[in-house]
Amino acid sequence: MMHKNVIEEAILVLSKLPSFGPRSARRIVLHLLKNKEKVQTIIEALNNLKNQTGECKTCHNIISNEECKICANPLRDSTKLCILAEVDDMWNFEKAKTFNGLYHILGGSLSAISGVTPDKLTFQSLFERLKTGNFEEVIFANNLSPEGATTAFYIIEEIESLKRDGF
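Keep in mind it's a predicted model, so treat the numbers as computed, not measured.

## Observations regarding the overall build of the chain
- A count of helices and strands for the chain gives 7 helices and 5 strands.
- Starting at the N terminus and ending at the C terminus, the chain contains elements arranged as α-α-α-β-β-α-β-α-β-α-β-α.
- Here the C-alpha atoms of the chain give a radius of gyration of 20 Å, more than 25% beyond the 15 Å that 2.2 N^0.38 yields for 167 residues.
- If you line up the chain on its principal axes, its C-alpha atoms span 65 × 40 × 30 Å.
- In the chain, which comprises 167 residues, the proportion classed as buried is 27%.
- Within the chain, counting contacts between residues at least 6 apart in sequence, those at least 24 apart form 45% of the total.
- Surface summary for the chain: the accessible area is close to 11,800 Å², and the carbon and sulfur share equals 55%.
- Distance between charge centres in the chain, computed from 20 positive and 21 negative side chains, equals 10 Å.

And the structure:
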């Protein structure tokens, strides 16, 4: 059995990361080969990332402890809910300091072409939150793409259905 060259394998793995192509991956591998002490530090950081992170059961934010700091913060406006596609969208809101309410991260947008169906996103927990929460304002902050519009339309239709059922 023939094994891949370890350098080629490292380039291939890194080139599969978002925003990395083969040239960027090659530069990183060459840098790491020249600075081998950094390799162990990166391995440890990635292991920590793998083993010490989870997902908030309420908003689906990535957490590195037992509790999401945003959901647990009593100073947040619990009457406002911002629905986002991805965690990095929420991070951008937090960095801009323009929103002081709560979030719900869907984990993507509906896309028939990509096979992203409602069961693959966090709609069920969103609808449970809407039923049990005291939200006065729900904000959709998703992409203006066809997938984003489809996702917003789906949520609106489900909310209307919940209202008809006594929500």
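What follows continues from the structure just given.
## Things to note about the confidence of the model for the chain
- On average, residues of the chain score 90 in pLDDT, and 96% of them are at 70 or above.
- Between the elements of the chain, mean pLDDT differs from a low of 88, seen in helix 7 (residues 146–164), to a high of 97, seen in strand 4 (residues 101–105).

## Brief notes about the environment of Leu-12
- Within the secondary structure, Leu-12 sits in helix 1 (residues 6–15).
- Relative accessible area serves as the criterion here: at 34%, Leu-12 is assigned to the partly exposed category.
- When the C-alpha atoms of Leu-12 and Ala-25 are compared, they prove to be 7.5 Å apart, with 13 residues separating the residues in sequence.

Here is what the cut-offs are and how they apply
- Residues numbered from 1 in each chain as written.
- Predicted model: local features only at pLDDT ≥ 70, side-chain atom pairs only at ≥ 80, totals over all residues.
- Heavy atoms only, no water.
- Helix = DSSP H or I, 4+ residues; strand = E, 2+ residues; numbered from the N terminus.
- Rg over C-alpha atoms; globule rule 2.2 N^0.38 Å.
- Buried < 20%, exposed > 50% of the residue type's maximum accessible area, 1.4 Å probe, protein only.
- Contact = heavy atoms within 4.5 Å.
- Areas by Shrake-Rupley, 256 points an atom, 1.4 Å probe, with all protein chains shown as cover.
- Lys, Arg positive; Asp, Glu negative; His and termini not counted.
- Charge placed at Lys NZ, Arg CZ, Asp CG, Glu CD.
- pLDDT = per-residue confidence, 0-100.

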